[in-house]
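Survey of secondary and tertiary structure
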Amino acid sequence: KAVIVPGNGAGNVEQCNWYGWENKQLNKTPDMTCLLKNMPDPVTARESIWLPFMEKELQCDEDTVIIGHSSGAAAAMRYAETHKVFAIVLVGAYTSDLGDENERESGYFNRPWQWEKIKGNCRHIVQFGSTDDPFLPWGEQQAVADGLGSQLHKYTDRGHFQNTHFPELIRVIHKIK
């Protein structure tokens, strides 16, 4: 089972970025289901609201691949600190609030990351990042890769991964499932 946790401010997630396309593609995969739902508190993406939603509504568990984009990647990492999951696939992941008040309010960045706990709770950790991301300095993305020892797919031309299709992600999910 896969769950897509979008970035903040996504609005209707079916129509945003690659989320709807990815969801349809993964649901066509034999023996796989994918969930994509509009998140509560979509602008600030508070950890105190998103993590319980991931547990209760999206039912993220030890058989789940959590695909997290941007704020969704931060949510996936914090979730995996305290929950066993099959895999986390991080797209545009970062480690700090980047000096942004909205990011600070989300609550994900107010304490150190527990890299060892995340690694211990995930069978697979994959990361997609791009050096030309206009929002995330490469150092932030590299810090996630270093902390988690993730299987890193590094690009130079994908920005913040806001395109409408993301076939590389489908291939990665098929490999780890």
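These remarks concern the structure in this document.

Calculation rules
Residues numbered from 1 in each chain as written. Predicted model: local features only at pLDDT ≥ 70, side-chain atom pairs only at ≥ 80, totals over all residues. Heavy atoms only, no water. Helix = DSSP H or I, 4+ residues; strand = E, 2+ residues; numbered from the N terminus. Buried < 20%, exposed > 50% of the residue type's maximum accessible area, 1.4 Å probe, protein only. Polar contact = N/O pair within 3.5 Å; in protein donor to acceptor, adjacent residues only side chain to side chain. Contact = heavy atoms within 4.5 Å. Pairing = 2+ DSSP bridges. Right-handed = clockwise from strand over helix to strand, strands pointing away. Expected span 1.5 Å × (residues − 1). Phe/Tyr/Trp six-rings, centres within 6.5 Å; stacked < 30°, edge-to-face > 60°. Axes fitted to C-alpha atoms, helices over the stretch in contact; angles between N-to-C directions. Left-handed = near helix turned anticlockwise from the far one by under 90°. Nonpolar A, V, L, I, M, F, W, Y, C, P; charged D, E, K, R; others polar.

Glancing now at the side chain of Ser 150. Positionally, Ser 150 belongs in the loop between α6 (138–148) and β6 (151–155). By relative accessible area, which is 12% here, Ser 150 ends up buried. A distance of 2.7 Å separates polar atoms of two side chains, one belonging to Ser 150 and the other to Gln 127. Not counting chain neighbours up to four residues away, the residues in contact with Ser 150 comprise Ile 125, Gln 127 and Ala 145.

Turning our eyes to something else, we now look at the pairing of strand β4 (residues 85–91). With seven of seven residues buried, β4 lies mostly within the body of the structure. As judged from the five bridges shared by strand β3 (residues 65–69) and β4, these two strands associate in the parallel manner. Note that in β4 the partner of Val 65 across the bridge is Ala 87. A crossover connection joins β3 to the parallel β4 through helix α3 (residues 71–82); in handedness this β-α-β unit is right-handed.

A word on α6. If you check which residues of α6 are buried, you get Trp 138, Glu 140, Gln 141, Val 144, Ala 145, Gly 147 and Leu 148. Buried residues along α6 sit against α3, β4, α5 (115–121), β5 (122–130) and β6. With its phi angle positive at about 60 degrees, Gly 149 sits one or two positions after the end of α6.

Our focus in this paragraph is α3. End to end, α3 covers 18 Å across twelve residues, agreeing with the expected 16 Å (1.5 Å per residue, within 8%). Among all positions of α3, only Ser 71, Gly 72, Ala 73, Ala 74, Ala 75, Ala 76, Met 77, Arg 78, Tyr 79, Ala 80 and Glu 81 are buried.

Moving on to unusual backbone geometry. Of note, the phi angle at Ala 45 is positive, near 60 degrees, even though the residue is not glycine. For Ala 45, a relative accessible area of 0% translates into the label buried. A positive phi angle, close to 55 degrees, is found at Leu 98, a residue other than glycine. Note on placement: Leu 98 falls in the loop between β4 and α4 (101–106). Look at Leu 98 and you get partly exposed, because its relative accessible area is 34%.

Okay, the packing of aromatic side chains next. Per the counting criterion, the structure on display carries eleven aromatic pairs. With centroids separated by 5.0 Å and ring planes inclined at 70 degrees, the aromatic side chains of Phe 128 and Phe 166 adopt a geometry described as edge-to-face. Pair noted here: Phe 128 is in strand β5 and Phe 166 is in the loop between β6 and α7 (167–176), with a separation of 38 residues, a long-range link. For Phe 128, a relative accessible area of 1% puts it in the buried group. Overall, the relative accessible area of 0% leaves Phe 166 in the buried class. Relative to Phe 161, the ring of Tyr 155 lies with its centre 6.0 Å away and its plane at 80 degrees, an arrangement referred to as edge-to-face.

Okay, the packing of helix α1 (residues 19–27) against α7 next. Running from N to C, α1 and α7 cross one another at 35 degrees; their axes reach a closest spacing of 10 Å. Judged by the twist between their axes, the crossing of α1 over α7 is right-handed. Taken together, the residues of α7 that come into contact with α1 (itself represented by Trp 21, Glu 22, Gln 25 and Leu 26) are Pro 167, Leu 169, Ile 170 and Ile 173. Across the contact of α1 with α7, the residue classes break down as six nonpolar, one polar and one charged.

Nothing here speaks to function; it is geometry throughout.
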